[in-house]
Amino acid sequence: MKIAIIGTGNLGTAIAKGLINNNGVNKLYLTKRNVTELSNFKEHNNVTITTNNEEAVINSDILIFAVQPKHLETILQQIKSSLTQKHLIISTITGFSIEKIEGIVGSHLSIVRAMPNTAIAVGKSMTCLCANSKGNEQMELAKTIFNQLGNSMVISENLMQSATVICASGIAFWMRLIRATTQAAIQLGFDAKEAQELAMFTSEGAASLLIKSGNHPEEEIDKVTTPKGCTIEGLNEMEHKGLSSSLIQGMVASFHKINTIKKEQI
């Protein structure tokens, strides 16, 4: 596959690392206005770094856009004359609808919206996908790309804002939970390095249990809670302090902010 990442910032860099680490690309073009920030990719023979978006488009079949929302329309206008039926356009831009992209480049092109997260750099992203009618014809290709980099799910476009909160912002939410667990472990006697290791691998184990078993979280919770035990004591204290409620309210607040950003930037 010949892939171009247009706008190789934090997310674009994570996608690039994931593609390279998983041998998911034959030729990779990375574009950015300041290419000095991409110098680490020069060691890879199949990677071309350029400031020229049109060059990247002409020499690629799959185009992954990872620019800021306010820049996407300008870039699409600049490169649309170079777009052909061979291209699969994948946009990771929050709040930029398929209809708006079609309005710039046309509905005859394959357009997919993707919402990955930064865990894509280590092949562990949860990526949500949706497409226009033409893009649905290449959805399996899009899924193949993102399944190499974690897991993907096809959803309706009206859920993409919600997916951003749960999957993309969700990385930060889970990091904060891991940090809090680390702080608790330090308070309970472990040094900082040990504490973080305990927190990281315990959270990984919890997720892996659900992924492999298909069980509901409460089913796994029941396995480690005993009458008058320490686990239920801790869980109940967390709930008294609003653990679940705070998480839910935080995600809802994040969702409302996304809609505000959409109105301001697009």
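Being a predicted model, the structure only gives us computed values, none of them experimental.

Before we move on, can you summarise the sheet that holds strand β1 (residues 2-6) with the specific residues and values?
Sheet strands line up and pair through hydrogen bonds in the backbone, either parallel or antiparallel. Taken together, the 8 strands give an open sheet; going across it, the order is β3-β2-β1-β4-β5-β6-β7-β8, and neighbouring strands pair in mixed fashion. Each of the sheet's edge strands pairs with one partner strand only, and the pair in question is β3 (47-50) and β8 (150-154). Each strand axis lies, on average, 20° off the axis of its neighbour in the sheet, ignoring direction. Relative to strand β7 (residues 125-131), strand β6 (residues 110-115) runs antiparallel, the two being bridged by 4 bridges. Across the sheet, the residue bridging to arginine 113 is cysteine 130, located in β7.

Tell me about helix α3 (residues 69-79), and please be specific about residues and values.
Here α3 has its buried residues at Pro69, Leu72, Ile75, Leu76 and Ile79. Here the buried residues of α3 occupy an arc of 100° about the axis, which is enough to place them on one side.

Let's hear about the nonpolar core: which residues, and what values?
Ranked by internal contacts, the top residues of the largest apolar core, which has 29 residues, are Ile6, Phe65, Leu76, Leu83, Ile89 and Val105. Those elements that provide at least two residues to this core are β1, α2 (53-58), β4 (62-65), α3, α4 (98-105), β6, β7 and α7 (160-187). Residue contacts for leucine 83: discarding those within four places in its chain leaves Val57, Leu63, Ile89, Val105 and Leu109. Counting 27 residues, the second-largest nonpolar core is a separate cluster that includes Ala14, Ile64, Ala142 and Ile145.

Quick notes on the rules
Residues numbered from 1 in each chain as written. Predicted model: local features only at pLDDT ≥ 70, side-chain atom pairs only at ≥ 80, totals over all residues. Heavy atoms only, no water. Pairing = 2+ DSSP bridges. Helix = DSSP H or I, 4+ residues; strand = E, 2+ residues; numbered from the N terminus. Axes fitted to C-alpha atoms, helices over the stretch in contact; angles between N-to-C directions. Buried < 20%, exposed > 50% of the residue type's maximum accessible area, 1.4 Å probe, protein only. Arc of directions from axis to C-beta. Core = buried A, V, L, I, M, F, W, Y, C linked by side-chain atoms within 4.5 Å. Contact = heavy atoms within 4.5 Å.

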